[in-house]
Amino acid sequence: MATATAKMTKSRTDIRRAILPYLYLVPAFAVMAVITFYPLVYQLIVSFTDFQTKDLRYGLASPALNFIGFQNYIDILTGGLPVQNFEFFRVLIYNFWWALTNVMVHVPAGVLIAVLLNTQGLWLKKVYRAVYILPVVVPPIVVAVVWTNIFDEQYGALNQFLTTISQFFGSPDAVRIRWLEEYAPPIAWLLPTGPLPLAYYAMMIANFWLGWPFMTVVATGALQSIPKDLYEAASIDGASGSQQFWNITVPLLRPAMIPAAVYGFTTSFNLFAFVFFMTGGGPARTTEILVTFAYDLVRNLRLFGAAAAFSVFIFIVALIVFLITNRITRATESYTA
């Protein structure tokens with residue numbers, strides 16, 4: 001009798017212990033259901049309708065709402081949307097190129113600057129690190145507005161600087177480069193979907209200022225964890241500074257920099273505020289990325305159903321990118337396993 005009672009008590013205790021972690025998760029799941037899962041499901045349903053301004057009052061219960069199946073998805077892929085200068089695959093390829101080139105610039109620059117600032121005997125290291133951390137805490141919208149003013153055709157600081165240089169060499173004319181509005185591309189063969197405008201290069205410069213400090217922060221933290229004994233042993237063996245960098249620093253930075261690069265790619269891929277407030281996707285939608293176009297479908301055309309379908313495409317693309325990069329780079333795996 002006592003043994004049976006003890007077994008029942010132990011069984012109840014085990015059940016409580018098994019259930020307790022899930023009870024702690026209930027508040028989090030409840031919040032996620034309201035702010036994440038419900039909007040996602042609602043958006044998915046809307047993507048199969050012709051939801052427009054006429055349906056905002058009653059939502060999915062609107063009597064004027066029509067379920068049109070996959071028509072929104074077909075229109076997006078085939079260019080059937082009532083939008084000028086839009087091709088889904090052109091925007092998709094540009095979006096990939098934009099994110100990839102940013103990462104290809106940010107990561108090497110961040111590592112190089114971190115290595116330089118990690119040099120022994122360098123004065124004012126803390127001051128330099130405090131300065132380069134500033135772009136990390138500045139919102140992208142502020143960066144976009146500031147650099148838009150810098151690239152202004154008439155009053156921008158860059159054109160005025162170039163004017164000063166040209167006048168120093170005897171040119172009387174003021175420099176009036178249309179950095180963000182010039183349609184003629186400086187390089188005509190860069191992408192198979194078409195050339196890139198000058199605005200792309202201006203945005204690359206601005207986003208470089210925004211992106212490299214984060215990579216430097218990550219690289220600095222990783223450098224601090226590399227044992228100094230490795231460099232001392234390599235120096236005793238006669239290894240040069242460049243050999244130490246490529247055979248010690250780079251391999252030991254890899255576990256930290258690869259996840260940072262994946263994060264930087266994802267951030268640049270969906271960098272809405274920066275692109276929207278700097279160029280708005282112009283000129284002629286040549287710098288449009290997926291998220292800015294989805295917003296444009298809502299803001300200007302009020303095609304909520306098409307925008308919802310477009311957002312589903314963005315989710316699928318982002319998921320595929322994450323799975324591929326995670327598979328190739330093993331960013332979420334342990335390097336000590």
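Not measured: the values here are computed from a predicted model.

Participant: Give a detailed account of the nonpolar core, specifying residues and quantitative values.
Facilitator: Formed by 64 residues in total, the largest nonpolar core has its most connected members in Trp 98, Phe 274, Met 278, Leu 297 and Phe 310. Elements with a contribution of two residues or more to this core: α2 (71-78), α3 (88-117), α6 (140-150), α8 (198-224), α10 (241-269), α11 (272-278), α12 (290-299) and α13 (304-329). Excluding residues that lie within four positions of it along the chain, Phe 310 makes contacts with Ile 76, Phe 86, Phe 88, Leu 290, Phe 293, Ala 294 and Leu 297. Listed in part, the five residues of the second largest apolar core include Phe 51, Leu 65, Phe 304 and Ala 308.

Participant: Pulling in residues and values, what's your account of a nonpolar patch on the surface?
Facilitator: On the surface, a cluster of nonpolar side chains totalling about 910 Å² of accessible area is made up of Tyr 22, Leu 25, Phe 29, Val 31, Met 32, Val 34, Ile 35, Phe 37 and Leu 40. Along the polypeptide, Val 31 turns up in helix α1 (residues 2-46). By relative accessible area, which is 46% here, Val 31 ends up partly exposed.

Participant: For the side chain of Asp 50, give the residues involved together with the corresponding values.
Facilitator: Within the secondary structure layout, Asp 50 lies in the loop between α1 and α2. It turns out Asp 50 is buried and unbridged, and the closest side chain with the opposite charge, Lys 54, is 4.1 Å from it. Within the structure, Asp 50 has its side chain in polar contact with the backbone nitrogen of Asn 66 (distance 2.9 Å). Other than its neighbours up to four places away in sequence, Asp 50 contacts Asp 55, Ala 64, Leu 65, Asn 66 and Ile 68.

Participant: Give me the lowdown on the pattern of salt bridges, citing residues and values where you can.
Facilitator: Throughout the structure, instances matching the rule amount to six salt bridges. We note a salt bridge from Arg 178 to Glu 153, for which the minimum N-O separation is 3.7 Å. One end of the pair, Arg 178, is in the loop between α7 (157-168) and α8; the other, Glu 153, is in the loop between α6 and α7, and 25 residues separate them in sequence. With relative accessibility at 27%, the residue Glu 153 sits in the partly exposed group. In this structure, the salt-bridge partner of Glu 288 is Arg 285, at a minimum N-O distance of 2.6 Å.

Participant: Can you break down the packing of aromatic side chains residue by residue, with the values?
Facilitator: This structure, assessed with the given rule, holds 28 aromatic pairs. When the ring of Phe 276 is compared with that of Phe 277, the centres are 5.1 Å apart and the planes differ by 90 degrees; the resulting orientation is edge-to-face. Phe 276 gets classed as buried once you look at its relative accessible area, which sits at 18%.

Participant: Report on the environment of Asp 173, specifying residues and quantitative values.
Facilitator: Along the chain, Asp 173 turns up in the loop between α7 and α8. Overall, the relative accessible area of 54% leaves Asp 173 in the exposed class. In this structure the C-alpha to C-alpha distance between Asp 173 and Ala 28, which are 145 residues apart in sequence, comes to 63 Å.

Reading the values: the criteria
- Residues numbered from 1 in each chain as written.
- Predicted model: local features only at pLDDT ≥ 70, side-chain atom pairs only at ≥ 80, totals over all residues.
- Heavy atoms only, no water.
- Core = buried A, V, L, I, M, F, W, Y, C linked by side-chain atoms within 4.5 Å.
- Buried < 20%, exposed > 50% of the residue type's maximum accessible area, 1.4 Å probe, protein only.
- Helix = DSSP H or I, 4+ residues; strand = E, 2+ residues; numbered from the N terminus.
- Contact = heavy atoms within 4.5 Å.
- Patch = residues over 30% accessible without salt bridge, like charges linked within 9 Å, V, L, I, M, F, W, Y side chains within 5 Å.
- Areas by Shrake-Rupley, 256 points an atom, 1.4 Å probe, with all protein chains shown as cover.
- Salt bridge = Lys/Arg side-chain N within 4 Å of Asp/Glu carboxyl O.
- Lys, Arg positive; Asp, Glu negative; His and termini not counted.
- Polar contact = N/O pair within 3.5 Å; in protein donor to acceptor, adjacent residues only side chain to side chain.
- Phe/Tyr/Trp six-rings, centres within 6.5 Å; stacked < 30°, edge-to-face > 60°.

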